[in-house]
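Summary of the model geometry
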Amino acid sequence: MRIVMVGKTGVGKSELGNSLLGRKHFISQGLAGSVTSECKFGTRTLRQGMKLVVVDTPGIFDTRKSNRDTSKEIVRCIGLSSPGPHLFFFVLKIGRYTKEEQNTIESLKDIFGKQVMKFVIVIFTCKDTLEHSNTTLDEYINSSRDLQTLLVECGGRCKAINNWADQMHRSNAVDTIMVLVQCTIADNGGNHYTGEMYAVAEKALKERLEQLEAEKNKEKLALERRKREIEEENKAQKRRLDDEMKWKRTQLEKEQKEREKKAREEHEKKQNELVAEAERLRQLRIEDDRKAKLQQDILLQEKEKLKEEKESERRRLEQRRREMAQEEERLREEEERRRIEQEELEERRRLEEEARAQLEEERQERLREFEKQRKEKERIIKEEEQKLQDSRERLRRELENNDGFLNKVKKFFVSAWDDFCSFFE
Ligand SMILES: Nc1nc2c(ncn2[C@@H]2O[C@H](COP(=O)(O)OP(=O)(O)OP(=O)(O)O)[C@@H](O)[C@H]2O)c(=O)[nH]1
Ligand SMILES: [Mg+2]
């Protein structure tokens, strides 16, 4: 059983081939460009012992590719599936069904004739996209009129597969595809796309190749003619250019000479200016040197002066430092003297205090003594007064008794008065 997979590049033909064979046989990658570059085949023995041959193709019916490459690969595809495929799998990726896809199937019909549609099954890859968007295959097909037309053309034969599913799901999908394959083959009476048809296709291809060759030769002749014309044009243009160049060269030589003359004059003028400038610079340099020397002398003098000033400042500072040391010494002595004086003063004050306390004590003592004496004298006076009172009483009584005695009393009284007065003195 021979199956040829056709379809636009990148729709998942190689991956579908791997699913059909049950192993990774064809190279498939998610690259931006085409992965499969030429037709290849892989085989597998089916359960019934039947041999399955799967032919993987590059995008040979892709109308974007060059005619020459396409024709070469179609011939190769026919060779690999000889004497003719039982089925063509027209592979489509779930997604938009565009004009490009329609052109691909048209191209298949152009090459193999309209009857090829009897041998076509449409296989949709990326069934997982449908699962993700929760859409059934029927819903997807019904969403495009063109897709429906295609399926009517190929007898409604279509299946979907997720080539990224696990082994079990993939093999289940392959089994369903194989059932449809066998039904279709049976419908076609077990016939494959015949050699006759292939011969017709080959003939058509040959004619197309010859046509292409003729077109190519025609193009070649046209190209040669154009080449000759261009060469002629080039020669004429070259002559024109040569003349122009000659004239331009003489013009240029003339201009060059004039420019050279001018340049020479300018050069001489510049030379003279340079000599004058050099002389002026030399003079300036001499003047600069003189000024520099003068400045150096001034600088040296100023340096000397500064040195002297520095020295005198140092001496002055030294002197000041000495004075300060003396002042400090004097202050220290003054401080010491003050301290001693203070101590002496305090000692003197203490002694005076002691002396004052002693004097106070003596005064108190004297006062007490004096008080004692005063009290004694008062007692004595009182006694004397008592005595005097007694005497006066006695005298008064004696006077009463004796007039003569008055004189005596008078005398005694006078003497007693005198004693009293002397005592108080
Ligand atoms: N998600 C998903 N990706 C797939 C499926 N089938 C194929 N692909 C991916 O689609 C990309 C193209 O697949 P290929 O098998 O190389 O396509 P091709 O038609 O052989 O491409 P060319 O060889 O360039 O013509 C790869 O990254 C595949 O893994 C599928 O069922 N589901
Ligand atoms: Mg491929």
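Residues numbered from 1 in each chain as written. Chains lettered and ligands numbered in written order. Predicted model: local features only at pLDDT ≥ 70, side-chain atom pairs only at ≥ 80, totals over all residues.

1. Description of the overall build of the protein
Operational definition: Secondary structure is summarised from DSSP: a helix means a run of H or I of at least four residues, a strand means a run of E of at least two, and numbering begins at the N terminus for each. With the radius of gyration taken over C-alpha atoms, the globule rule is written as 2.2 Å times the number of residues to the power 0.38. Whether a residue is buried, exposed or partly exposed follows from its count of other C-beta atoms within 10 Å of its own C-beta, namely 20 or more, 12 or fewer, or something in between, respectively; the C-beta atoms are built from the backbone. Whether two residues are in contact is decided by their C-beta atoms, placed from the backbone, lying within 7 Å.
Scanning the protein from terminus to terminus reveals nine helices and six strands. Whereas a compact globule of 425 residues would reach a radius of gyration of roughly 22 Å, the protein reaches 76 Å, over 25% beyond that. Dimensions of the protein, computed from C-alpha atoms along their principal axes, come out at roughly 225 × 95 × 40 Å. Taken over 425 residues, the protein has a buried fraction of 18%. Counting only contacts in the protein whose residues sit at least 6 apart along the sequence, the fraction spanning at least 24 positions is 70%.

2. Focus on helix α3 (residues 99-112)
Test applied: By definition here, a helix of n residues has an expected span of 1.5 Å times n minus one. This arc is taken over the directions from the axis of the helix to the C-beta atoms.
Here α3 contains 14 residues, and its C-alpha end-to-end distance of 20 Å stays within 8% of the 20 Å for a straight helix at 1.5 Å per residue. For α3, the set of buried residues is Glu101, Thr104, Ile105, Leu108 and Phe112. Each buried residue of α3 lies within a common arc of 90° when the element is viewed along its axis, so the set occupies one face. Exposed positions of α3 whose direction lies more than 90 degrees from the buried face are Lys99 and Glu100. A positive backbone phi angle near 90° is found at Gly113, which sits one or two residues after α3.

3. Overview of the domain arrangement of the protein
For clarity, the cut-off: Each domain's limits were defined by an automated method or a database of domain assignments.
Domain annotation for the protein reports domain 1 (2-193) and domain 2 (363-424). Spacing between the C-alpha centres of domain 1 and domain 2 amounts to 180 Å.

4. A few points about the sheet that holds strand β4 (residues 87-93)
Cut-off, in case you're wondering: Strands are treated as partners if at least two bridges between them are detected by DSSP. All axes are obtained by fitting lines to C-alpha atoms, using only the stretch in contact for helices, and the reported angles, taken between N-to-C directions, cover 0 to 180 degrees.
One open sheet accounts for six strands, arranged β2-β3-β1-β4-β5-β6; its pairing is mixed. The two strands at the open ends of the sheet, each matched to only one other strand, are β2 (40-45) and β6 (158-160). Strand-to-strand twist of the sheet, defined as the mean angle between neighbouring strand axes without regard to direction, takes the value 25°. Of the pairings in the sheet, the one linking strand β1 (residues 2-6) to β4 comprises four bridges and is parallel in character. Looking at the pairing, Val4 lines up with Phe88 of β4. Helix-sheet contacts for helix α1 (residues 13-21) involve β1, β2, β3 (51-56), β4 and β5 (120-125), and the interaxial angle to β3 is about 170°.

5. Observations concerning the site of ligand 1
Put simply, the test is: We count a residue as near a molecule or strand when its backbone-placed C-beta atom lies within 6 Å of that partner. Throughout, the ten residues Ala, Val, Leu, Ile, Met, Phe, Trp, Tyr, Cys and Pro are labelled nonpolar, Asp, Glu, Lys and Arg are labelled charged, and all others, Gly among them, are labelled polar.
Lining the immediate environment of ligand 1, one finds 21 residues, of which Gly12, Ser14, Ser28, Gly30 and Thr36 sit closest. Ranked by residue count, the leading element in the shell around ligand 1 is α1, at three residues. Across the shell around ligand 1, the residue classes break down as five nonpolar, 13 polar and three charged.

6. What to know about the nonpolar core
Note the threshold: We define the nonpolar core as any set of buried residues of the types Ala, Val, Leu, Ile, Met, Phe, Trp, Tyr and Cys, connected via C-beta atoms lying within 7 Å of each other.
One finds Met5, Phe88, Phe89, Phe90, Val91, Val122 and Ile123 to be the most contacted residues of the largest nonpolar core, which totals 41 residues. When residues of this core are assigned to their parent elements, the largest contribution, six residues, is made by β4. Contacts of Phe88, omitting those with residues within four sequence positions, involve Val4, Val6, Val116, Phe119 and Val120.

7. Some thoughts on the pairing of β3
Regular strands place their side chains on alternate faces of the sheet. Bridge count between β1 and β3: four bridges; the pairing is parallel. When the sheet's bridge partners are listed, Arg2 is paired in β3 with Val53. Pairing geometry for β2 and β3, over six bridges, is antiparallel. Bridge assignment links Arg44 to a residue of β3, and that residue is Leu52. Taking the residues that link successive antiparallel strands as the turn, the β2-β3 hairpin has five residues, and the phi of Gly49 there is positive, at about 85°.

8. A closer look at the environment of Gln211
Summarising the element assignment, Gln211 is placed in helix α8 (residues 195-401). Overall, the presence of 11 C-beta atoms within 10 Å leaves Gln211 in the exposed class. In sequence terms Gln211 and Ile161 are 50 residues apart; their C-alpha atoms lie 40 Å from each other.

9. Observations regarding unusual backbone geometry
For Cys126, which is not glycine, the phi torsion reads 60° and is therefore positive. Tracing the backbone shows Cys126 in the loop between β5 and α4 (127-132). A positive phi angle is found at Asn134, which is not glycine, with a value near 55°. Structurally, Asn134 is set in the loop between α4 and α5 (137-142).

10. A word on helix α7 (residues 167-187)
Think of an α-helix as 3.6 residues a turn; residues three or four steps apart then line up on the same face. Here α7 spans 30 Å end to end across 21 residues, near enough to the 30 Å set by a 1.5 Å rise per residue. Those residues of α7 that sit buried are Ala173, Ile177 and Val181. Buried residues of α7, seen end-on, are gathered within an arc of 85° and therefore sit on one face of the element. Among the exposed residues of α7, those pointing more than 90 degrees away from its buried face are Met168, Ser171, Asn172, Asp175, Thr176, Val179, Cys183 and Ala186. Lining the buried residues of α7 we find β4, β5 and β6. Looking one or two places after α7, you find Gly189, whose phi comes out positive at around 70°.

11. Some points on the environment of Glu207
The residue Glu207 is located in helix α8 in this model. A residue is classified by how many C-beta atoms lie within 10 Å of it, and Glu207, with 10 of them, is exposed. In the structure, Glu207 is positioned 216 residues away from Phe423 in sequence and 196 Å away in space, judged by C-alpha atoms.

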